[in-house]
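The residues making up each chain are set out below.
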Amino acid sequence: MGISIEERKGRLRRFRELLAREELDGFIVVSPENRRYLSGFTGSSGVLLVALEWAVLLTDFRYLEQAAAETAGTGIDLQKQAKKVWESVAKLLLACAGPLARWGFESDHLVVEDYRFLAGQVGTDRLVPKEGFPGRLRMVKSPAEIELIAKATAITDRAWERLLPEIKPGRREEELAALFEFFQREEGASAASFPTLVASGPRSAMPHGAAGSRVLCPGDLVVVDGGAVYAGYCSDFTRTVVVGEEPGAEQERIYSLVLEAQERALAGLKPGMTAAEADALAREVLEEAGYGPNFGHGLGHGLGLAVHEAPHLSAGQETVLEPGMVVTVEPGIYLPDWGGVRIEDVAVITEEGCRVLTSSPKPPSPVTS
Ligand SMILES: [Mn+2]
């Protein structure tokens, strides 16, 4: 179970092909997800250097044993870093890379101070900023990766089944968030993929309302948004319920609009469409009903080693969807001072359309808990 050595080697091979196409001699990987994707190393600190003919992972004393085990068989050499890892990076670049080598780096992740230090050692001409790179390799998932995301999603589904009866008037948002994360851990998650959002009553109008000290009241809309990590891969999930009493007519109406938009998007998602066209599937439904301005975020986002990654399903995004991409589908309506509704599933793009990985029920009107 998990990602095989062969698959890891394939990632490095594809990455080197990408480097060659971009006329780069190597690449400096600093972001934890990209480092993990290419090397298998799960530690929190280290720099991965990938050249066309060699690769070195630099990390510190705390991680040497773990890194050796996690990168075994990949062909990546492990080296203990100098006290300052960038001294080691500079030394390797100057020693192994040749005087004219051009090295790419993650301009969306490398800290300015570290860049300045490295540029001072090897010269700015040698360093080529690249954004969203090598993250673009991660967009299309392998069957093994899809399996791990499906497992993370199933964990979240089971945790939701257990949380639902606990969502009652008198409970505190933070308490429910803690319970959800505890249930996910009990069901096999190594962590929450992000701090669980629980936004109740008027607070549900905040799309990313962090769980607070508010106590749930009868008749509140409650938006619960959380996810699990399983073997490094993330799930993401949102449901909206009404607590303590039957939903009101307006709550029913807004909820069914969001559900319709979500189901239209799931029915319409298919390979070949752009991320902007995917976003429009749900947006058209909400705009027609007059709620365009109240759906102020994109339809969804890619999901994998990071809980938010490419492709981003939103207006202006020209990325073309391909089979194997895994995305969230999460339209919402947010009305200040009243509340909000969001419904989110995870779907994998297939040859014909998409397959929904989330299995938690989506009743036609908000369930009363
Ligand atoms: Mn999401």
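Residues numbered from 1 in each chain as written. Predicted model: local features only at pLDDT ≥ 70, side-chain atom pairs only at ≥ 80, totals over all residues.

### Let's talk about the overall build of the chain
Link 1 in the chain: A count of helices and strands for the chain gives nine helices and 19 strands.
Link 2 in the chain: Each principal axis of the C-alpha distribution contributes one length, and for the chain these read about 70 × 40 × 35 Å.
Link 3 in the chain: The buried share among the 369 residues of the chain stands at 45%. (Helix = DSSP H or I, 4+ residues; strand = E, 2+ residues; numbered from the N terminus. Buried ≥ 20, exposed ≤ 12 C-beta atoms within 10 Å, placed from the backbone.)

### As for the sheet that holds strand β9 (residues 221-226)
Link 1 in the chain: Pairing in this open sheet of three strands is antiparallel, and the strands run β8-β9-β12 from one edge to the other. Sheet topology places β8 (197-200) and β12 (237-242) at the edges, where each strand pairs with a single neighbour. Taking the axes of each pair of neighbouring strands and ignoring which way they run, one obtains an average angle of 10 degrees across the sheet.
Link 2 in the chain: Pairing geometry for β8 and β9, over four bridges, is antiparallel. Paired with Ser200 across the two strands is Val222, which belongs to β9.
Link 3 in the chain: Strands in contact with helix α7 (residues 173-186) are β8 and β9; relative to β8, the strand with the most contacts, it is inclined by about 150 degrees. (Pairing = 2+ DSSP bridges. Axes fitted to C-alpha atoms, helices over the stretch in contact; angles between N-to-C directions. Contact = placed C-beta atoms within 7 Å.)

### A closer look at the sheet that holds strand β6 (residues 127-130)
Link 1 in the chain: In space, the six strands of this open sheet follow the order β4-β3-β2-β1-β5-β6, with mixed pairing throughout. The open sheet has two edge strands, β4 (77-80) and β6, and neither has a second partner. Each strand of the sheet is rotated relative to its neighbour by a mean of 25 degrees, with strand direction disregarded.
Link 2 in the chain: Pairing geometry for strand β3 (residues 55-59) and β4, over four bridges, is parallel. Residue pairing in the sheet places Val56 in a bridge with Asp77 of β4.
Link 3 in the chain: Where helix α2 (residues 32-39) meets the sheet, its contacts fall on β1 (26-29), β2 (47-51), β3 and β5 (103-106), and the angle it forms with β2 comes to roughly 50 degrees.
Link 4 in the chain: Packing against the sheet, helix α4 (residues 85-96) makes contact with β1, β2, β3, β4 and β5, and its axis sits at approximately 10 degrees to β2.

### Regarding the domain arrangement of the chain
Link 1 in the chain: Under the domain assignment used here, the chain contains domain 1 (5-137) and domain 2 (143-356).
Link 2 in the chain: Inter-centroid distance (C-alpha atoms) of domain 1 to domain 2 is 34 Å.
Link 3 in the chain: Each partner contributes residues to the interface: domain 1 has eight residues there, and domain 2 has six residues.
Link 4 in the chain: Top contributing element to the side of domain 1 that touches domain 2 by residue count: α2, with three residues. (Domains from an automatic or database assignment.)

### Points about α4
Link 1 in the chain: If you check α4, its first and last C-alpha atoms are 16 Å apart, about what twelve residues at 1.5 Å a residue would give, namely 16 Å.
Link 2 in the chain: The inward-facing, buried residues of α4 contact β1, β2, β3, β5 and α5 (112-122).
Link 3 in the chain: Residue Gly98 follows α4 closely and has a positive phi angle near 85 degrees. (Expected span 1.5 Å × (residues − 1).)

### As for the environment of Ile76
Link 1 in the chain: Mapped onto the fold, Ile76 is located in the loop between α3 (64-71) and β4.
Link 2 in the chain: Exposure remark for Ile76: the 23 C-beta atoms within 10 Å place this residue in the buried category.
Link 3 in the chain: Residues Ile76 and Leu49 lie 27 residues apart in sequence; the distance between their C-alpha atoms is 9.2 Å.
Link 4 in the chain: Once residues lying within four places of it in the same chain are set aside, the contact partners of Ile76 are Ser39, Ala55, Val56, Leu57 and Thr71.

### Focus on unusual backbone geometry
Link 1 in the chain: With omega at 15 degrees, the peptide bond leading from Phe133 into Pro134 counts as cis.
Link 2 in the chain: Here Pro134 is to be found in the loop between β6 and α6 (143-163).
Link 3 in the chain: If you check the backbone angles, Ala231 has positive phi at about 50 degrees while not being a glycine.
Link 4 in the chain: Note on placement: Ala231 falls in the loop between β10 (228-230) and β11 (233-234).
Link 5 in the chain: Of note in the backbone geometry, Asp337 takes a positive phi value of approximately 70 degrees without being a glycine.
Link 6 in the chain: Assignment of secondary structure puts Asp337 in the loop between β16 (332-335) and β17 (339-342).

### Focus on the pairing of β6
Link 1 in the chain: Examined bridge by bridge, β5 and β6 share four bridges and lie parallel to one another. Looking across to β6, one finds that Gly104 is bridged to Val128.
Link 2 in the chain: Each parallel crossover has a hand, and for β5 linked through α5 to β6 it is right-handed. (Right-handed = clockwise from strand over helix to strand, strands pointing away.)

### Things to note about the pairing of β9
In the case of a regular strand, side chains alternate between the two sheet surfaces.
Link 1 in the chain: With respect to burial, β9 is a largely interior element, six of its six residues being buried.
Link 2 in the chain: Burial along β9 is two-sided: Leu221, Val223 and Asp225 facing one way and Val222, Val224 and Gly226 facing the other are all buried.
Link 3 in the chain: Here β9 runs beside β12; their pairing, made up of six bridges, is antiparallel. Opposite Asp225, over in β12, you have Thr238 as the bridge partner.

### Looking at the packing of α6 against α7
Link 1 in the chain: In the contact formed by α6 and α7, the axes pass within 8 Å of each other and the chain directions differ by 135 degrees. For the element pair α6 / α7, the angle class is oblique. Helix-helix and strand crossings are classified by hand; for α6 and α7 the assignment is right-handed. Seen from α6, the contacting residues are Ile155, Thr156, Ala159, Arg162 and Leu163; seen from α7, they are Leu176, Leu179, Phe180, Phe183 and Gln184.
Link 2 in the chain: Here the contact of α6 with α7 is built from residues that sort into seven nonpolar, two polar and one charged. (Parallel < 35°, antiparallel > 145°, perpendicular 65-115°, else oblique. Left-handed = near helix turned anticlockwise from the far one by under 90°. Nonpolar A, V, L, I, M, F, W, Y, C, P; charged D, E, K, R; others polar.)

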